[in-house]
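A structural walkthrough
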Amino acid sequence: MVEAQRAEGRGAEGRGPDAAAEGLPSAAGAPEAAGAPAPLRVLLADDEHLIRGALAALLALEDDLQVVAEAASGPEALAMALAQRPDIAVLDLQMPGMDGVAVATSLRTRLPGCRAMIVTSHGRPGHLKRALEAGVRGFVPKTVSAQRLAEIIRSVHAGNRYVDPELAADAISAGDSPLTVREAEVLEYAENGAPIAEIAERAALSPGTVRNYLSSAAAKLCAENRHAAARIARARGWL
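A few points on the structure. Predicted model, so just to flag it, every value in this text is computed and none were measured.

1. Section: the packing of helix α8 (residues 181-190) against helix α9 (residues 196-203)
It is at 10 Å that the axes of α8 and α9 come closest, and there the two elements cross at 130°. Put simply, α8 runs oblique to α9. Relative to α9, the crossing made by α8 is right-handed. Every residue of α9 that contacts α8 at R182, E185, V186, Y189 and A190 is listed here: I199, R202 and A203. Here the residues of the contact of α8 with α9 sort into 5 nonpolar, no polar and 3 charged.

2. Let's talk about the pairing of strand β5 (residues 138-141)
Here strand β4 (residues 115-120) pairs with β5 via 4 bridges, running parallel. Considered in β5, the bridge of T120 is made with P141. Once the chain exits β5 it traverses helix α6 (residues 146-157) before rejoining the sheet at strand β6 (residues 162-163), and the crossover so formed is left-handed.

3. As for the side chain of S106
For S106, the position within the fold is in helix α4 (residues 100-110). Once you skip the residues sitting within four places of it in the chain, S106 turns out to touch L78 and L111.

4. Brief notes about the sheet that holds β6
With respect to topology, 6 strands assemble into an open sheet ordered β2-β1-β3-β4-β5-β6, the strand pairing being parallel. For this open sheet the edge positions go to β2 (65-71) and β6, each flanked by a neighbour on one side alone. With respect to the sheet, α4 is in contact with β3 (88-92) and β4, its orientation differing from that of β3 by roughly 155°. Contacts between α6 and the sheet are confined to β1 (40-45), β2, β3, β4, β5 and β6, with β4 contributing the most and set at about 155° to the helix.

5. Focus on the nonpolar core
Core analysis: the largest hydrophobic core is formed by 26 residues, its most contacted members being L91, L107 and I118. Residue assignment for this core shows that the elements contributing at least two residues are β1, β2, α3 (74-84), β3, α4, β4 and α5 (125-133). Ranked by residues supplied to this core, first place goes to α4 with 4 residues. For L107, the residues in contact, after removing those within four places along its chain, are L78, A81, A89, P112 and C114. Core analysis: the next-biggest nonpolar cluster, separate from the first, contains 24 residues, Y189, V210, L214 and L239 among them.

6. Regarding the environment of V156
Turning to its location among the elements, V156 is positioned in helix α6. Its relative accessible area of 0% is what places V156 among the buried residues. Each C-alpha atom of the pair V156 and D87 lies 10.0 Å from the other, and the pair is 69 residues apart in sequence. Discounting residues that sit within four places of it in the chain, V156 has contacts with I88, R115, M117, R137 and G138.

7. A short note on the pattern of salt bridges
Scanning the entire structure with this criterion turns up 13 salt bridges. With its nearest N and O atoms 3.1 Å apart, the salt bridge here joins D99 to R130. With a gap of 31 residues between them, D99 in the loop between β3 and α4 and R130 in helix α5 connect regions that are remote in the sequence. Take D99: its relative accessible area is 22%, and that puts it in the partly exposed class. Judged by its relative accessible area of 25%, R130 falls in the partly exposed class. Here R234 ties to E188 by a salt bridge, and the two come within 3.3 Å at their closest N and O atoms. Residue R234 is located in helix α11 (residues 226-235), and its partner E188 is located in helix α8; the two are separated by 46 residues in the primary sequence. Relative accessible area serves as the criterion here: at 21%, R234 is assigned to the partly exposed category. Overall, E188 belongs to the partly exposed group, its relative accessible area being 23%. A cluster of three or more residues bridged by salt bridges with shared partners is formed by D46, E48, D92 and K142.

Quick notes on the rules
Residues numbered from 1 in each chain as written. Predicted model: local features only at pLDDT ≥ 70, side-chain atom pairs only at ≥ 80, totals over all residues. Heavy atoms only, no water. Axes fitted to C-alpha atoms, helices over the stretch in contact; angles between N-to-C directions. Helix = DSSP H or I, 4+ residues; strand = E, 2+ residues; numbered from the N terminus. Parallel < 35°, antiparallel > 145°, perpendicular 65-115°, else oblique. Left-handed = near helix turned anticlockwise from the far one by under 90°. Contact = heavy atoms within 4.5 Å. Nonpolar A, V, L, I, M, F, W, Y, C, P; charged D, E, K, R; others polar. Pairing = 2+ DSSP bridges. Right-handed = clockwise from strand over helix to strand, strands pointing away. Core = buried A, V, L, I, M, F, W, Y, C linked by side-chain atoms within 4.5 Å. Buried < 20%, exposed > 50% of the residue type's maximum accessible area, 1.4 Å probe, protein only. Salt bridge = Lys/Arg side-chain N within 4 Å of Asp/Glu carboxyl O.

Here you go:
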């Protein structure tokens with residue numbers, strides 16, 4: 001009888017801790033970092049491999065950001081975005097195939113859950129206007145630090161908009177451009193003296209259409225030729 005009582009006591013002692021935790025998940029079975037939000041999924045697109053790689057490495061140091069894809073051209077950025085479905089697409093403005101604004105425009109309809117940002121070394125007011133019209137939520141110069149960029153990414157994902165203050169001030173002082181998007185595009189190609197045939201090839205237009213755009217741009221800017229028109233537009237921040 002004593003032995004039976006001892007055995008029963010030993011069983012109660014052995015069951016004590018287990019009984020207290022009965023029906024509760026063990027520490028090993030608890031979800032890891034319960035309640036912690038998943039990292040923001042980021043796509044980086046820049047045709048300069050060194051810049052893109054350095055930026056990816058720096059953003060990887062942020063616990064709440066995850067670079068899920070990198071792209072070197074506009075079409076590649078769009079394809080990677082549709083495949084990986086990132087939360088944020090950080091796009092270079094000028095890329096082969098499609099520029100960042102064109103990619104953002106496509107993402108707005110094809111992947112509305114992905115917010116787009118433009119990071120550029122060509123921060124002209126005209127570019128800013130196009131970007132905002134395309135639904136871009138952030139417009140940032142490449143001189144921004146990686147830490148500041150990470151902060152802007154978080155803010156944009158939260159539903160805010162960020163435009164570099166200096167660029168915003170330039171856009172206000174420059175006023176609205178009288179040029180259409182296509183006129184500004186061909187005028188920018190003509191800026192360095194490119195011949196009509198080359199401009200037509202780069203813009204995917206016929207030579208006659210290019211001449212019409214250039215003539216219209218020169219008339220709007222009261223310039224004697226396309227080269228003078230390009231200089232005027234550049235000085236006013238419309239290219």
